[in-house]
Amino acid sequence: PVAMLMLKDDTSVAKTFTGSADIDYRMHFLPELRAHLGLGLDVSDGKQDLYIDKANADSHPHGREGWEKVYKTNKSLNTYLQYLNSFGDMHSIDIMGGYEWQHFYREGSNYYVGLDGYLPQDREWKSENYLVSFFGRINYNLANKYLFTATVRNDGSSRFASDHRWGLFPSFAFAWKISEEGFMRNQRLLSDLKLRLGYGITGQQNIMQGDYPYIPVYSENKDGGYYPVGDEFHSTFRPDAYNKDLKWEETTTYNAGIDFGFMNNRFTGAIDYYYRETNDLINVIEIPAGTNFKNRVVSNIGSMTNTGLEFTINGDVI
């Protein structure tokens, strides 16, 4: 332990910038219509220096020195139009449609070599992925008793091949404010009572095998995978396993709930039941040996079902 502390110097320095801007504009010719623009930027640039004295013979008999640099940028753009209006005391509507764009970029390099020149390593890499979305939503309120919501998203991910790149994810919800009905006005027990029903599909594209799981690429082998040419050792490469049929993981959820309140909503609560089914789970699975690929590949395999009952209650005692 003393040698690991005294014979090793590992220092890193990183610079990070994070910024965002939001612009909201209400149209003069149509005050019910507004436009919104959101911009975001996250930049990080870092370097890590390493020095290991060769006196630390147990782990590095030749010693080791070198550095690693990593540069990352995350950019986002979100824009939408929203129209809100009421028509008398019976009808109100909220319509929204927009576009979202995200870009994640990463690059790095490193160089390591023994203090006596043993086994130099020099590596560079770059990676990026995009996520693009079109979305819309409609909210309709009838007499402040019946609430309808419909949403849809069309998401595209660069992590999937063109045949499976886009996923369409709709959702619908209905709420009935029972406490606003005429037959509830003369009772004093409940101050709020609402029934909720919902259905929706969501997608998931986070994978555990890089940004190009559907493209055949070659990766550098780890330590020990070198080919000698004279007195020099050169890195070798082998193909990564890939899956051109990889697609979005989808989760479908059904839910029903009741909200209630007593004593002018001094005590409130909710009861919810949900049923959730996930299909085309994104998993990293083992592949047979001898295929010349790395031994794991990301795939859509398996499904999962969750169901449950939730109960909450809140009280303003004092």
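Owing to the predicted nature of the structure, the values given are computational and were not obtained by experimental measurement.

J.: Just checking my understanding: could you explain the pairing of strand S11 (residues 232-235) for this structure?
T.: Pairing analysis gives 4 bridges linking strand S10 (residues 226-229) to S11, with the strands arranged antiparallel. Following the sheet pairing, Tyr227 is matched in S11 by His234. Where S10 folds back onto S11 in an antiparallel hairpin, the turn is made up of 2 residues, including Gly230, whose phi is positive at roughly 65°.

J.: Can you help me understand the nonpolar core in this one?
T.: Most often, soluble globular proteins have nonpolar side chains that are buried together. With 9 residues, the main nonpolar core is built from Leu131, Phe160, Phe169, Ile201, Ile207, Leu246, Trp248, Ile282 and Val298. In this view, Ile282 contacts Phe160, Gln204, Gln205, Asn206, Ile207, Met208, Lys247, Glu249, Val298, Ser299 and Asn300; residues no more than four positions away in its chain are not counted.

J.: Would you mind going over the environment of Thr305 with me for this structure?
T.: Along the chain, Thr305 turns up in strand S17 (residues 304-315). On the basis of relative accessibility, which here comes to 46%, the residue Thr305 falls in the partly exposed class. C-alpha separation for the pair Thr305 and Tyr25, spaced 280 residues apart in sequence, amounts to 44 Å. Those residues in contact with Thr305, other than ones at most four positions away along the chain, are Tyr275, Arg276 and Glu277.

J.: What is the right way to look at the side chain of Asp211 in this model?
T.: As for its placement among the helices and strands, Asp211 is situated in the loop between strand S8 (190-204) and strand S9 (218-220). Separated by 2.5 Å, the side chains of Asp211 and Ser127 make a polar contact. A distance of 3.0 Å separates polar atoms of two side chains, one belonging to Asp211 and the other to Arg159. Discounting residues that sit within four places of it in the chain, Asp211 has contacts with Arg106, Ser127, Glu128, Asn129, Ser158 and Arg159.

J.: Could you clarify how one ought to interpret the environment of Arg64 in this entry?
T.: Counting through the fold element by element, Arg64 comes out in strand S3 (residues 64-87). The sequence separation of Arg64 and Gly114 amounts to 50 residues, and the corresponding C-alpha distance is 4.4 Å. Setting aside residues up to four positions removed in sequence, Arg64 forms contacts with Leu50, Tyr51, Ile52, Tyr112, Val113, Gly114, Leu115, Tyr118, Leu119 and Gln121. A distance of 3.2 Å separates a polar atom in the side chain of Arg64 from a polar atom in the side chain of Gln121.

J.: It is not clear to me how the sheet that holds S3 should be interpreted in this structure. Could you clarify?
T.: Strand pairs in the sheet, formed through backbone hydrogen bonds, run parallel or antiparallel to each other. The sheet built from 11 strands is open, its strands ordered S1-S2-S3-S4-S5-S6-S7-S8-S13-S14-S17 with antiparallel pairing. Every interior strand has two partners, whereas the edge strands, strand S1 (8-26) and S17, have only one. Strand after strand, the sheet turns through a mean of 10° between neighbouring axes, direction not considered. Pairing of strand S4 (residues 91-113) with strand S5 (residues 121-142), which is carried by 22 bridges, proceeds in the antiparallel orientation. Its bridge partner lying in S5, Tyr105 is registered against Glu128.

J.: Just checking my understanding: could you explain the pairing of strand S13 (residues 249-262) for this structure?
T.: Residues in a regular strand project their side chains so that they alternate between the two faces of the sheet. Two strands pair when backbone bridges link them, and S8 and S13 are joined in this way by 14 bridges, in the antiparallel orientation. Bridging across to S13, Leu197 finds its partner in Ala256. Here S13 runs beside strand S14 (residues 267-279); their pairing, made up of 13 bridges, is antiparallel. From the neighbouring strand, Thr252 faces S14, where its bridge partner is Glu277. The hairpin formed by S13 and S14 contains 4 residues between the paired strands, and Met263 there has a positive phi angle of roughly 50°.

J.: Looking at this structure, I do not really get the side chain of Arg64. What am I missing?
T.: The class for Arg64 is buried, based on a relative accessible area of 11%. Among the polar contacts made by the side chain of Arg64, one reaches the main-chain carbonyl oxygen of Tyr118 at a distance of 3.3 Å.

J.: Help me understand the pattern of salt bridges in this model?
T.: Pairs can form between side chains of opposite charge once their charged atoms are near each other. The full count for this structure, using the stated rule, is 13 salt bridges. In this structure, the salt-bridge partner of Asp24 is Arg34, at a minimum N-O distance of 2.4 Å. Of the two residues, Asp24 sits in strand S1 while Arg34 sits in strand S2 (residues 33-52), which places them 10 residues apart along the sequence. For Arg34, a relative accessible area of 17% gives the class buried. The closest approach of N and O atoms between Glu286 and Arg296, which form a salt bridge, is 3.1 Å. Of this pair, Glu286 sits in strand S15 (residues 282-286) while Arg296 sits in strand S16 (residues 296-300), and the two are 10 residues apart along the sequence. Taking relative accessible area as the criterion, Arg296 reaches 39% and is therefore assigned partly exposed. Overlapping salt bridges, with partners in common, bring together Glu100, Arg153 and Asp155 in one network.

Conventions and cut-offs
Residues numbered from 1 in each chain as written. Predicted model: local features only at pLDDT ≥ 70, side-chain atom pairs only at ≥ 80, totals over all residues. Heavy atoms only, no water. Pairing = 2+ DSSP bridges. Helix = DSSP H or I, 4+ residues; strand = E, 2+ residues; numbered from the N terminus. Core = buried A, V, L, I, M, F, W, Y, C linked by side-chain atoms within 4.5 Å. Buried < 20%, exposed > 50% of the residue type's maximum accessible area, 1.4 Å probe, protein only. Contact = heavy atoms within 4.5 Å. Polar contact = N/O pair within 3.5 Å; in protein donor to acceptor, adjacent residues only side chain to side chain. Axes fitted to C-alpha atoms, helices over the stretch in contact; angles between N-to-C directions. Salt bridge = Lys/Arg side-chain N within 4 Å of Asp/Glu carboxyl O.

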